[in-house]
Amino acid sequence: MGVVFRRRSGQVPRQHRQGNGADVRVIDNVRDAETLTPAWDQLAKRSGASIFAFPLWALACLGTEGGFARPQLQIVTVWAGNELVAVGPFAAEVRRGLRHVRFLGAPHSQPNRPVVAPGHERAVILIWEALRRHRSVLRLYDFDTRVQPSPLEADSGWSGRVKSRSQVTVVDTTLELEERLRRDHRDLRSVLVARRRLAEDAVSLEHRFGRSAADVAALLPHLSAIERHAGAHHAPSPMQQELAQGRLPHLLQQAVAEGRLRLFVLVAAGVPLAYMVGLVGAGVVTAFLTGHHGDSRRYNPGYLAMADLYRWAHHHRLPIDFSIGDLQWKRSWSRQGYEVADVLATSDRLLLKAADGVGALRRAAHRPDAHPDRRGADRGAEASGGGRR
């Protein structure tokens, strides 16, 4: 069994050699977490992780966890000698005697998973063991079921169940866009219809792209105009409210600073029609946030913005992660993907019933299908044949 040391700021933890040659340490303060950042960043790159597994995103999310008023860092690290081989980024909070633990970054991140170096997959068992304490409750929202073993299968003392399952759509971008449109013209007819209507109306479409801070700042007024219009018809999320006010949300600022944001904007006759925000990880780009001007529905702007992201992803040989939601418009681009699950686990099976009721987090605060910031392209494509959840 793993032994966990809580590392206080400025205190060098004792080393404990596990039976399999691994050391497990838990970081619970920001200063030590920032010290860990270079090694964590390299680990995320080696593992081919999405942006949500990188420290730039996880640490920027501290304090934004829905339902956690006073979150405390609980970053579980596994070391093989001087090499960092696994990171479990978590936050914890004690409520009515129960210690609730969840992934750091939820609800802004999905899928949620530990970061594990290739060849060290079994290190995840040590992470589950390190989190198991008296009267602890694991709430793993949108847990990537490709991670094995899960805490319920690791034989590490957890009791619990899978509360729900959802599908995540992944788009293979091996083919060029035009070839995809020819091959899958029935599924992707919305893109072809949009092009035909633009031609019929003699509308010239400008495709604008930004990745640097200067580029994004120049394009921000377009996003603001789109969100102001959308906010008059739909309840905006906090991120959308900030965009409507002409401010780039903090999490997106972090992504720009790290060079991991790609912004695609469509403009016609000086009027912004749609935008798509892509977030680049080590081996995948996530369609994170999108919006469209309601008056442009005739041109299926969500599909056109997605086409720009697809073209870019193909050039860089990256698949596109659509995140949760088995919507028709997503299936038009791909029927491939993987499963995520909401897992509830406790360190004592007698606590399972109490964990459901005492201090339970409202599901709507965590689910991307109820959380506008993580609906990804859903809202932007809803008028383009996708439909609203």
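Because the structure is predicted, anything quoted here is derived from the model rather than measured. (Residues numbered from 1 in each chain as written. Predicted model: local features only at pLDDT ≥ 70, side-chain atom pairs only at ≥ 80, totals over all residues. Heavy atoms only, no water.)

Visitor: Tell me what's going on with the overall build of the chain, and back it up with residues and numbers.
Guide: The helix and strand inventory of the chain stands at 12 helices and 14 strands. Evaluated residue by residue, the chain yields a buried proportion of 58% over its 389 residues. Taking contacts inside the chain between residues at least 6 apart in sequence as the whole, the part at least 24 apart equals 71%. Surface summary for the chain: the accessible area is close to 16,100 Å², and the carbon and sulfur share equals 49%. (Helix = DSSP H or I, 4+ residues; strand = E, 2+ residues; numbered from the N terminus. Buried < 20%, exposed > 50% of the residue type's maximum accessible area, 1.4 Å probe, protein only. Contact = heavy atoms within 4.5 Å. Areas by Shrake-Rupley, 256 points an atom, 1.4 Å probe, with all protein chains shown as cover.)

Visitor: Explain the side chain of His-229 to me, and be specific about the residues and the numbers.
Guide: Take His-229: it is sitting in helix α6 (residues 213-231). Judged by relative accessible area, which is 19%, His-229 ranks as buried. Setting aside residues up to four positions removed in sequence, His-229 forms contacts with His-293, Gly-294 and Asp-295.

Visitor: Go over the packing of aromatic side chains with me, naming the residues and quoting the values.
Guide: Summed over all chains, the structure comprises nine aromatic pairs. Ring plane angle 70 degrees and centroid distance 5.4 Å describe the contact between Phe-52 and Trp-57, whose orientation is recorded as edge-to-face. As far as the burial class goes, Phe-52 and Trp-57 line up, both buried. Site record: aromatic cluster; members linked through ring pairs are Phe-90, Phe-103, Trp-128 and Phe-143. A cation sits over an aromatic face here: Arg-146 above Tyr-338, 3.5 Å from the ring centre. Of note, Arg-260 hangs over the ring of Phe-54, and the distance from its end group to the ring centre comes to 4.2 Å. (Phe/Tyr/Trp six-rings, centres within 6.5 Å; stacked < 30°, edge-to-face > 60°. Lys NZ or Arg CZ within 6 Å of the ring centre and 35° of its normal.)

Visitor: Explain the pattern of salt bridges residue by residue, including any values.
Guide: Scanning the entire structure with this criterion turns up 14 salt bridges. A salt bridge links Asp-41 to Lys-45; the nearest nitrogen and oxygen atoms lie 3.2 Å apart. Taken together, the residues Asp-41 and Lys-45, both in helix α1 (residues 30-46) and four residues apart, mark about one turn of the helix. Relative accessible area serves as the criterion here: at 15%, Asp-41 is assigned to the buried category. Residue Arg-180 pairs with Asp-184 through a salt bridge whose shortest N-O separation is 2.8 Å. Owing to a relative accessible area of 16%, Asp-184 belongs among the buried residues under this scheme. Each of the salt bridges in this network shares a partner with another, and the network as a whole consists of Arg-196, Glu-200, Asp-201 and Arg-298. (Salt bridge = Lys/Arg side-chain N within 4 Å of Asp/Glu carboxyl O.)

Visitor: Break down α1 for me, citing the residues and quoting the values.
Guide: For α1, built from 17 residues, the straight-helix expectation of 24 Å at 1.5 Å per residue is met to within 8% by its first-to-last C-alpha distance of 24 Å. Thr-37 marks where α1 bends most, by close to 50 degrees; the proline Pro-38 follows one to four residues later. At the N-terminal end of α1, a side-chain oxygen is found 3.4 Å from the backbone nitrogen of Arg-31, two or three residues along, and the residue is Asn-29. Gly-48, located one to two residues past α1, shows a positive phi value of around 65 degrees. (Expected span 1.5 Å × (residues − 1). Bend = angle between axes of the 7 residues up to and from the residue. Polar contact = N/O pair within 3.5 Å; in protein donor to acceptor, adjacent residues only side chain to side chain.)

Visitor: Which residues make up the environment of Arg-122, and what are the values?
Guide: Tracing the backbone through its elements, the reader meets Arg-122 in the loop between β6 (115-116) and α3 (123-131). For Arg-122, a relative accessible area of 58% gives the class exposed. Sequence separation between Arg-122 and Gln-148 is 26 residues; the distance between their C-alpha atoms is 7.9 Å.

Visitor: I'd like a description of the layout of surface pockets, backed by residues and values.
Guide: Size it by volume and the largest pocket reaches roughly 550 Å³. In terms of lining residues, the largest pocket is bounded by 29 residues, among which Ser-47, Ala-49, Arg-113, Asp-144 and Arg-146 are the most central. Each residue belonging to the lining of the largest pocket can be placed in one class, and the counts come to 18 nonpolar, six polar and five charged. A volume near 210 Å³ is recorded for the second largest pocket. Forming the walls of the second largest pocket are 14 residues, and the residues nearest its centre are Arg-180, Arg-183, Asp-184, Trp-333 and Gln-336. If you list the elements that add at least two residues to the lining of the second largest pocket, you get α4 (177-183) and α10 (328-333). For the lining of the second largest pocket, the residue count by class is three nonpolar, four polar and seven charged. (1 Å grid on protein atoms, 1.4 Å probe; cavity = no way out; pocket = protein on both sides within 12 Å on 5 of 7 lines; lining within 4 Å. Points joined across faces, edges and corners; volume = space filled by probe spheres on them. Nonpolar A, V, L, I, M, F, W, Y, C, P; charged D, E, K, R; others polar.)

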